[in-house]
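A look at the structure
Listed below, chain by chain, are the residues.
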Amino acid sequence: MLHKGRLLAMSSNRDILLARFVRRLLALEPGSVLDVGCGRGQLLAACAAAGVRAEGIEPDADCVADCRAAGRTVRRGDAAPLPFADASFEWVTLRHVPHHLGEPRAALTEAWRVASQGLLIAEPWYDTSLPSQAFAVRIDRLLKRFDRARGMFHAEVLSPHALIELLPVPPADIEIEAFVKPTRYAPDEFELDVMASLGQLDVPEEDRAELRELRAAIKSGAVTDNGTVILRIGKDG
Ligand SMILES: C[S@@+](CC[C@H](N)C(=O)[O-])C[C@H]1O[C@@H](n2cnc3c(N)ncnc32)[C@H](O)[C@@H]1O
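Described in the following lines is the structure provided in the data block. It should be emphasised that the depicted structure is a prediction, and the values quoted were computed from it without experimental measurement.

**Re the site of the ligand**
Taken together, 18 residues sit near the ligand, with Gly-37, Gly-39, Ala-79, Arg-95 and His-100 positioned nearest. Taken together, the residues of the shell around the ligand break down into nine nonpolar, five polar and four charged.

As structure tokens, this is what we get:
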């Protein structure tokens, strides 16, 4: 993803993509939601505002503390195993989480088990028919190499096909919505993202030329922000 270090601003790409997911989730009129990898609880907040019962599970202690301070119900834990009974939530969501999971098959099997209606999953997405998005893919790969070099698990995004293949059973009902708003990826945002990805590391020798080229492309306005692909997987057709 391209926005890790980005400062929160109204109608940032992050806000736009989140709003898209929230809209899709609320259109399902969920009675209850479990958000796996809920981060700082933005989806939980949107559910609360809409009167939907929602809980989260998240391994990061700071994120869990933030969520709880905001009054959200969140457990500290992993995507697998999930500490919930079978079919205990109508919908289980994983938003921009699968590419952070070392064992995505176990996570999707668990999500499927605790969902009574189905899963709503999103991953970052790029429309590579646009040259500006092909640059965005290169940035994503570069920043993930930096993340991995400092010990973080951060894989390539999973395609809808890859996600479906990980499910424990062939799903009855699938809907896919890919969305990108190709707005210019700003140089200052890129610098924040690079700083967040690198941490204390120096840029590895083999990545220096790539970083220079991407900086130049961003400066010239040739790069746009990533989109999102939303996958609804229903248990009934
Ligand atoms: C890119 S963030 C997305 C956060 C949130 N879902 C959102 O849409 O803003 C990825 C999240 O996955 C969480 N995560 C990483 N490994 C995980 C695991 N094994 N089980 C559950 N969540 C995990 C991270 O801590 C982080 O909060």
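From this point, the narrative continues.
**Re helix H2 (residues 42-49)**
Among the residues of H2, those classed as buried are Gln-42, Leu-43, Leu-44, Ala-46 and Cys-47. At its buried positions, H2 is contacted by helix H1 (13-27), strand E1 (32-36), strand E2 (53-58), helix H3 (61-69) and strand E4 (89-95). The positive-phi residue at the C-terminal boundary of H2 is Gly-51, with phi of around 75°.

**Overview of the environment of Val-97**
Locating Val-97 in the fold gives a position in the loop between E4 and helix H4 (104-114). Residue class for Val-97 comes out buried when judged on the 22 C-beta atoms lying within 10 Å of it. Separated by 124 residues in sequence, Val-97 and Gly-221 have C-alpha atoms that sit 29 Å apart. Excluding residues within four positions of it along the chain, Val-97 makes contact with Val-36 and Gly-37.

**Some points on the pairing of E4**
Here E4 lies mainly inside the structure; six of its seven residues are buried. Relative to strand E5 (residues 115-125), E4 runs parallel, the two sharing six bridges. Pairing of Val-92 across the sheet is with Leu-119, part of E5. With H4 bridging E4 and the parallel E5, this β-α-β connection has right-handed handedness.

**Observations concerning the pairing of strand E3 (residues 73-76)**
Sheet analysis places E2 next to E3, joined by four bridges and oriented parallel. Residue pairing for E3: Gly-56 is matched across the bridge by Val-74. The parallel pair E2 and E3 is bridged by H3, and the resulting crossover is right-handed.

Each value, and the rule that gives it
- Residues numbered from 1 in each chain as written.
- Predicted model: local features only at pLDDT ≥ 70, side-chain atom pairs only at ≥ 80, totals over all residues.
- Near = placed C-beta within 6 Å.
- Nonpolar A, V, L, I, M, F, W, Y, C, P; charged D, E, K, R; others polar.
- Buried ≥ 20, exposed ≤ 12 C-beta atoms within 10 Å, placed from the backbone.
- Helix = DSSP H or I, 4+ residues; strand = E, 2+ residues; numbered from the N terminus.
- Contact = placed C-beta atoms within 7 Å.
- Pairing = 2+ DSSP bridges.
- Right-handed = clockwise from strand over helix to strand, strands pointing away.

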